[in-house]
Amino acid sequence: MNPNTFQYSESFAREMDAKDPLSKFRSRFHFPKVNGREAIYFCGNSLGLQPKSVKDYLEKELNNWADLAVDGHFHGEDAWYHIRKKSKPALAEILGAQEHEVVAMNNLSVNLHLLMVSFYQPTEERYKIIVEAGAFPSDQYMLETQIKFHGLDPLDVLVELAPRPGEFTLRTEDILEEIYRQGESLAMVNMAGIQYYTGQFFDLKAITEAAHAVGALAGFDLAHAAGNAVLKLHDWDVDFATWCSYKYLNSGPGNISGIFVNERYAERPDLPRFGGWWGHDEGERFKMEKGFVPMYGADGWQLANTNVLALAAHQASLDIFQEAGIENLREKSEKLTGYLEFLIRQISGESGVLEIITPKNPQERGCQLSLLIHRGGKAVFDEFYKHGVVGDWRNPNVIRLAPTPLYNSFLDVFRFAKILEQSLEKFA
Ligand SMILES: *Cc1c(COP(=O)(O)O)cnc(C)c1O
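Procedures and definitions
Sequence positions are assigned chain by chain, starting from 1 and proceeding in written order. Local features in this predicted model are restricted to residues whose pLDDT is 70 or higher, and side-chain atom pairs enter the listing and the counts only when it is 80 or higher, whereas totals over whole chains, interfaces and linings include all residues. In computing side-chain properties, one takes all heavy atoms of the structure into account and sets aside hydrogens as well as water. One side-chain nitrogen of Lys or Arg within 4 Å of one carboxyl oxygen of Asp or Glu is enough to make a salt bridge. A run of DSSP states H or I qualifies as a helix once it reaches four residues; a run of E qualifies as a strand once it reaches two. Both are numbered from the N-terminal end. Burial classification: accessible surface area is computed with a 1.4 Å probe over protein chains only, and a residue below 20% of its type maximum counts as buried, one above 50% as exposed, and the rest as partly exposed. One bridge is not enough; two strands pair if DSSP finds at least two bridges between them. As a rule, the C-alpha atoms of each element are fitted with a line to give its axis, helices using only the stretch in contact, and angles between N-to-C directions run from 0 to 180 degrees. An angle below 35 degrees is read as roughly parallel, one above 145 as roughly antiparallel, one from 65 to 115 as roughly perpendicular, and any other as oblique. What makes a crossing left-handed is the near helix being turned counterclockwise from the far one by less than a right angle; a clockwise turn instead makes it right-handed. Contacts: residue pairs with any heavy atoms within 4.5 Å of one another. Side-chain classes are defined by residue name, with Ala, Val, Leu, Ile, Met, Phe, Trp, Tyr, Cys and Pro counting as nonpolar, Asp, Glu, Lys and Arg as charged, and the others, Gly among them, as polar. Two kinds of site are reported from a 1 Å grid over the protein atoms alone, namely cavities, where a 1.4 Å probe fits but cannot get out, and pockets, open sets with protein on both sides within 12 Å along at least five of seven lines, and residues are called lining when an atom falls within 4 Å of a point. Grid points are joined across faces, edges and corners, and a volume is the space filled by probe spheres set on the points. Segmentation of the chain into domains, including their bounds, is taken from an automatic or database domain assignment. UniProt positions are given in the numbering used here, feature names are shortened, and annotations may be inferred rather than shown by experiment. Nonpolar cores were defined as sets of buried Ala, Val, Leu, Ile, Met, Phe, Trp, Tyr and Cys residues, with membership established by side-chain atoms within 4.5 Å.

**Student:** Would you mind showing me how to read the pattern of salt bridges here?
**Tutor:** Oppositely charged side chains may form a pair once their charged atoms are brought near each other. Under the definition given, this model contains 32 salt bridges. Taking the shortest distance from any N to any O, the salt bridge between Arg84 and Asp299 comes out at 3.0 Å. Here Arg84, found in helix α3 (residues 84-95), pairs with Asp299, found in the loop between β12 (258-261) and α9 (308-324); they are 215 residues apart in sequence, far enough to count as distant. Across the pair, Asp299 and Arg84 agree in class, each one buried. Note that Glu341 and Arg345 form a salt bridge whose closest N and O atoms lie 3.1 Å from each other. With a gap of four residues between them, Glu341 and Arg345 both fall in helix α10 (residues 326-348), about one helical turn apart. Judged by its relative accessible area of 11%, Glu341 falls in the buried class. If you follow the salt bridges from partner to partner, you end up with Arg84, Lys85, Lys88, Glu282 and Asp299 in one network.

Now the structure itself:
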């Protein structure tokens, strides 16, 4: 949509909502209240809202547990023994994967470690890891401790890519150049899909191609990308990835993560891995015999039996994603975030008080915009909150706003803009 057609008016926002085929999904979510009023919730990048259907999905499993107890593992169509399979079609759509390339399991940081066990095998010559500078702390700690686990020094191994001086985000050409510069010393690229701080969506396809061209692997943390961007992990030939379900995937605080392992590793029992009974051939699992035989595909990375209650909440949200369609969501998302960007520019004008550091090109971002606030700082943010805007603040002066296409409206964006304007007048 051409930004020249956007207008800073309530009637325009209402008209956009009236034309929005996804507007009906808003009423499927619980909105928190701030100071007694329904919040303008722009924090789905941190914790997605609760689908109203979660209660029923959980209740169903609580009833199964009450009524069937241990028989629930094998009883009926949604028997717990196979329950993970139910989530696969939706996960495959969201990640752009084959069903056998994805499985829901564990938490994100745990999965990052498990994937490193299989895919980071440093040698004398090939041991370097490229990561974006300022990666999410958990990812930094994971890399640091994995490298030390191999007896290596993080300072020798990590190649941290920082934006050029005066720029906030990485240029794809610079990422690719660094991959080629490292060449035969590069073991893997291990980056975010969408960077949590800047909101930059990296070119996963180009990065993967370059990594493969020098004989390295490409793995991504999709915490901020899953359910936000259109992903094609299989077609892009990504080696491995993991994500969490509680941000854009709206599955509840700390809920279950998932992994993607490229089909080419589906039958590689020789790959190093930490095994557990749930990754063992499910036909033979209850023979309780010696000798780990990993299941085909991503399932072979499972360790422990499925967290059924966690998966039930996750499934409630996955069903909504399937109904809405990730491509449709993305189409709306570009407009919604474009509208937010347009209004911020209108309000900030030439004053220089706000600076958007997220890339302008919609192809290089998801729904989140990160703003530097040059005057007024946290007081402006606190003023928003008082008026019901839930966003998030990162020291020293970044505000992150994530209007999500599933439950946010153009009217939310308009209302936010009015509050922003007033907050800036007061404090900036
Ligand atoms: C949210 C997030 C995490 C959180 O990890 P958990 O294991 O789910 O606590 C890790 N990495 C990134 C990039 C994130 O955005």
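**Student:** When you look at the sheet that holds strand β16 (residues 392-394) in this model, what are you seeing that I'm missing?
**Tutor:** Strand order across the open sheet formed by four strands is β13-β14-β17-β16, with antiparallel pairing between neighbours. Sheet topology places β13 (354-356) and β16 at the edges, where each strand pairs with a single neighbour. Put simply, the sheet's adjacent strands are angled 30° from each other on average, direction ignored. As paired strands, β16 and strand β17 (residues 398-401) are joined by three bridges and run antiparallel to one another. Each bridged residue has a counterpart across the sheet, and for Trp393 the counterpart in β17 is Ile399.

**Student:** Would you mind showing me how to read the packing of α3 against α9 here?
**Tutor:** Think of two packed helices as two axes; the pair is described by the angle between the axes and how far apart they sit. Relative orientation of the contacting elements α3 and α9 amounts to 40°, with a least axis distance of 10 Å. On the basis of the axis angle, α3 is oblique to α9. The crossing of α3 and α9 is left-handed. Where α3 approaches α9, its residues Arg84, Lys86, Ser87, Pro89, Ala90, Leu91, Glu93 and Ile94 are matched on the opposing element by Leu311, His314, Gln315, Leu318, Phe321 and Gln322. Of the residues belonging to the contact of α3 with α9, the class tally is seven nonpolar, four polar and three charged.

**Student:** For this particular structure, what's the right way to read empty space enclosed by the protein?
**Tutor:** Any empty space left between atoms is shown by rolling a water-sized probe over those atoms. In this structure the tally under the stated criterion is one cavity of 30 Å³ or more. In this structure, the largest cavity spans a volume of roughly 60 Å³. In terms of residue class, the lining of the largest cavity is made up of six nonpolar, four polar and one charged. Counting residues domain by domain, the lining of the largest cavity receives three or more from each of domain 1 (3-30 + 326-427) and domain 2 (58-323).

**Student:** It is not clear to me how the UniProt feature "binding site: pyridoxal 5'-phosphate" (unreviewed entry) in the chain should be interpreted in this structure. Could you clarify?
**Tutor:** As annotated in UniProt, the feature "binding site: pyridoxal 5'-phosphate" (unreviewed entry) corresponds to Leu108, Ser109, Phe136, Pro137, Ser138, Asp139, Asp221, His224, Tyr246, Trp277 and Asn305 in the numbering used here. Annotated residues spanning 198 residues; largest pairwise C-alpha distance 31.1 Å, indicating distribution over more than one region. You can see Asp139 is positioned in helix α5 (residues 137-149). The exposure class of Asp139 is buried, given its relative accessible area of 11%. Ignoring any residue separated from it by four or fewer positions in sequence, one finds Asp139 in contact with Leu112 and Asp221. By the secondary structure assignment, His224 is in the loop between β10 (217-221) and β11 (240-243). Residue classification places His224 among the buried residues on the basis of a relative accessible area of 5%.

**Student:** Even after reading the chapter, I still don't get the pairing of strand β14 (residues 369-373), so can you show me in this structure?
**Tutor:** The side chains of a regular strand alternate, first on one face of the sheet and then on the other. Most of β14 sits out of view: five of its five residues are buried. Two elements, β13 and β14, share three bridges in a ladder whose sense is antiparallel. Its bridge partner being in β14, Leu354 is matched across the sheet by Ile373. As paired elements, β14 and β17 share four bridges and run antiparallel to each other. Bridging across to β17, Leu371 finds its partner in Ile399.

**Student:** Please clarify how the nonpolar core should be interpreted in this entry.
**Tutor:** One broad trend across soluble globular proteins is that nonpolar side chains are buried collectively. In terms of nonpolar packing, the biggest core is built from 65 residues, with Leu95, Ile179, Leu222, Leu231, Trp243 and Leu406 touching the most fellow members. In terms of residue count, α9 provides more of this core than any other element does, seven residues in total. Mapping this core onto the domain boundaries places at least three of its residues in each of domain 1 (3-30 + 326-427) and domain 2 (58-323). Each residue touching Leu95, except ones within four places of it in the same chain, is listed here: Val102, Leu222, Leu231, Lys232, Leu233 and Trp243. Membership of the second largest hydrophobic core comes to 35 residues, among which are Met16, Phe42, Ile356 and Phe414.

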